[in-house]
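Each chain is listed here by its residues.
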Amino acid sequence: MDFTNKNVLITGASTGIGLATAKAFINAGANVWISSRSASKLQDAAAAINDRKLKTIVSDTSSLEGISVVEQAIAASGNKLDVLFLNAGIATFTPIAQTTEADFDAQFNTNVKGHYFTLQKLLPHLADGASVVFTSSTVATASNLGTSVYSATKGALNKIAQIAANELAERKIRVNILSPGPVLTPGLEGAVPVEAKGVLAAATAMQRLGDPSEIASTVLFLASEAASFITGTEIVADGGYLNYAMK
Ligand SMILES: NC(=O)c1ccc[n+]([C@@H]2O[C@H](COP(=O)([O-])OP(=O)(O)OC[C@H]3O[C@@H](n4cnc5c(N)ncnc54)[C@H](OP(=O)(O)O)[C@@H]3O)[C@@H](O)[C@H]2O)c1
């Protein structure tokens, strides 16, 4: 797919799915801005990609202050965005009985509020005809023990994305949801014990975890002209995880 001279912003892209997607867009010719909270992780990401078409933005997009840093960087570039990939996310898995207010607020602020207001603040910077992709999760559909807050954030995100698709259609902006199943990333490794990786792999029809590059290629598809009649919907890339759970 060719994204030459297209402008792409990816939030939460210093590692994992976001970083793999940044690499894929760079390889397809795009100018790419990536954001995350950690300057050192962003430096490592920039070194790994090693391409002048990549720019980094240090920003915590769980707060309005952090979002304004992203907005100012895009405004200062003088470019309109062709692709906005709202991907930053955190997960803490605890039973309801043990969930703290801090866990609840951190996940809702990062996974829901941050994306809502990033979209809002960047609306003037989106090109007409742009594509917006939200990273959700299969957990928005599944009801796994210990995932109440994280799953609720992704469910909320899906509804925001669906309504955004309707509101932005008049500008020919398409908005879609990408729901990965279990994908081997630093985020997954930090959120579950080592032994859970095998359990998650065994819970997919394909009997393996996904690779971040497999999610990246789905984002590029959704952002491309090949998906020109797709908006307001969810694409699941999960190795058959949801379907297999129903067997
Ligand atoms: N891996 C999976 O199995 C899986 C499955 C379904 C959905 N997802 C979703 O996929 C997305 C990416 O996750 P991942 O697995 O690739 O994990 P990851 O490697 O931990 O990546 C998460 C990224 O988000 C950034 N981030 C976290 N909080 C942020 C904040 N407040 N502001 C800005 N950036 C922030 C992190 O960088 P900093 O720490 O530097 O901020 C990092 O770059 C998330 O939305 C996650 O919920 C993952």
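Thresholds, definitions, all that
- Residues numbered from 1 in each chain as written.
- Predicted model: local features only at pLDDT ≥ 70, side-chain atom pairs only at ≥ 80, totals over all residues.
- Heavy atoms only, no water.
- Phe/Tyr/Trp six-rings, centres within 6.5 Å; stacked < 30°, edge-to-face > 60°.
- Buried < 20%, exposed > 50% of the residue type's maximum accessible area, 1.4 Å probe, protein only.
- Near = heavy atom within 4 Å.
- Polar contact = N/O pair within 3.5 Å; in protein donor to acceptor, adjacent residues only side chain to side chain.
- 1 Å grid on protein atoms, 1.4 Å probe; cavity = no way out; pocket = protein on both sides within 12 Å on 5 of 7 lines; lining within 4 Å.
- Sits in = over half its atoms within 2 Å of the grid points.
- Helix = DSSP H or I, 4+ residues; strand = E, 2+ residues; numbered from the N terminus.
- Expected span 1.5 Å × (residues − 1).
- Bend = angle between axes of the 7 residues up to and from the residue.
- Contact = heavy atoms within 4.5 Å.
- Core = buried A, V, L, I, M, F, W, Y, C linked by side-chain atoms within 4.5 Å.
- UniProt positions renumbered as here; feature names shortened; annotations may be inferred.
- Points joined across faces, edges and corners; volume = space filled by probe spheres on them.
- Nonpolar A, V, L, I, M, F, W, Y, C, P; charged D, E, K, R; others polar.

Q: Can you explain the packing of aromatic side chains? Please cite residues and give values.
A: Applying the stated rule across the entire model yields four aromatic pairs. When the ring of Y116 is compared with that of F117, the centres are 5.1 Å apart and the planes differ by 70°; the resulting orientation is edge-to-face. Classification of F117 as partly exposed rests on a relative accessible area of 25%.

Q: Residue-level account of the site of the ligand, with values.
A: Neighbouring residues of the ligand: 32 residues in total, closest S14, R37, K41, Y150 and T185. Residue T15 places a side-chain N or O atom 2.7 Å away from an oxygen atom belonging to the ligand. In the environment of the ligand, an oxygen atom lies 2.7 Å from a nitrogen or oxygen atom belonging to the side chain of R37. Among the cavities detected, the one that contains the ligand is the largest pocket. Counting only elements with at least two residues in the shell around the ligand, the list comes to α1 (16-27), α5 (148-168) and α6 (186-191). The element that contributes the greatest number of residues to the shell around the ligand is α6, accounting for three residues.

Q: I'd like a rundown of helix α4 (residues 101-122), residues and numbers included.
A: An ideal rise of 1.5 Å per residue puts 32 Å on 22 residues; α4 measures up with 29 Å between its terminal C-alpha atoms. Maximum bend of α4: about 40°, positioned at N109. The set of residues buried in α4 consists of Q107, T110, N111, V112, G114, H115, T118, L119 and L122. Buried-residue contacts for α4 involve β1 (7-11), α3 (64-77), β4 (81-86), β5 (126-135) and α5.

Q: I'd love a proper account of the nonpolar core, names of residues and values included.
A: Counting 27 residues, the largest nonpolar core has F3, I10, F25, V32 and I34 as the members making the most contacts within it. Residue assignment for this core shows that the elements contributing at least two residues are β1, α1, β2 (31-36), α2 (39-49), β4 and α8 (212-223). When near neighbours in sequence (up to four residues on either side) are disregarded, I10 contacts G18, T21, A22, F25, V32, W33, I34, S35, F85 and N87.

Q: Break down the UniProt feature "domain: Ketoreductase" (unreviewed entry) in the protein for me, with residues and values.
A: As annotated in UniProt, the feature "domain: Ketoreductase" (unreviewed entry) corresponds to residues 6-197 in the numbering used here. Counted over residues 6-197, helix gives 47% and strand 20%. Its end C-alpha atoms are 36 Å apart.

Q: Before we move on, could you go through the layout of surface pockets and cite the residues and values that matter?
A: The space that makes up the largest pocket amounts to roughly 1,200 Å³. Contributing to the lining of the largest pocket are 46 residues, with G89, A91, Y150, G187 and L188 lying nearest its centre. When residues of the lining of the largest pocket are traced back to their parent elements, those giving at least two are α1, α5, α6 and α7 (194-202). When residues in the lining of the largest pocket are grouped by element, the largest group, four residues, is from α6. Here the lining of the largest pocket is built from residues that sort into 20 nonpolar, 22 polar and four charged. Within this model, the second largest pocket holds a volume of roughly 240 Å³. At the level of secondary structure, the elements contributing two or more residues to the lining of the second largest pocket comprise β4 and β5. For the lining of the second largest pocket, the leading source of residues is β5, giving three residues. A per-class count over the lining of the second largest pocket returns five nonpolar, four polar and six charged.

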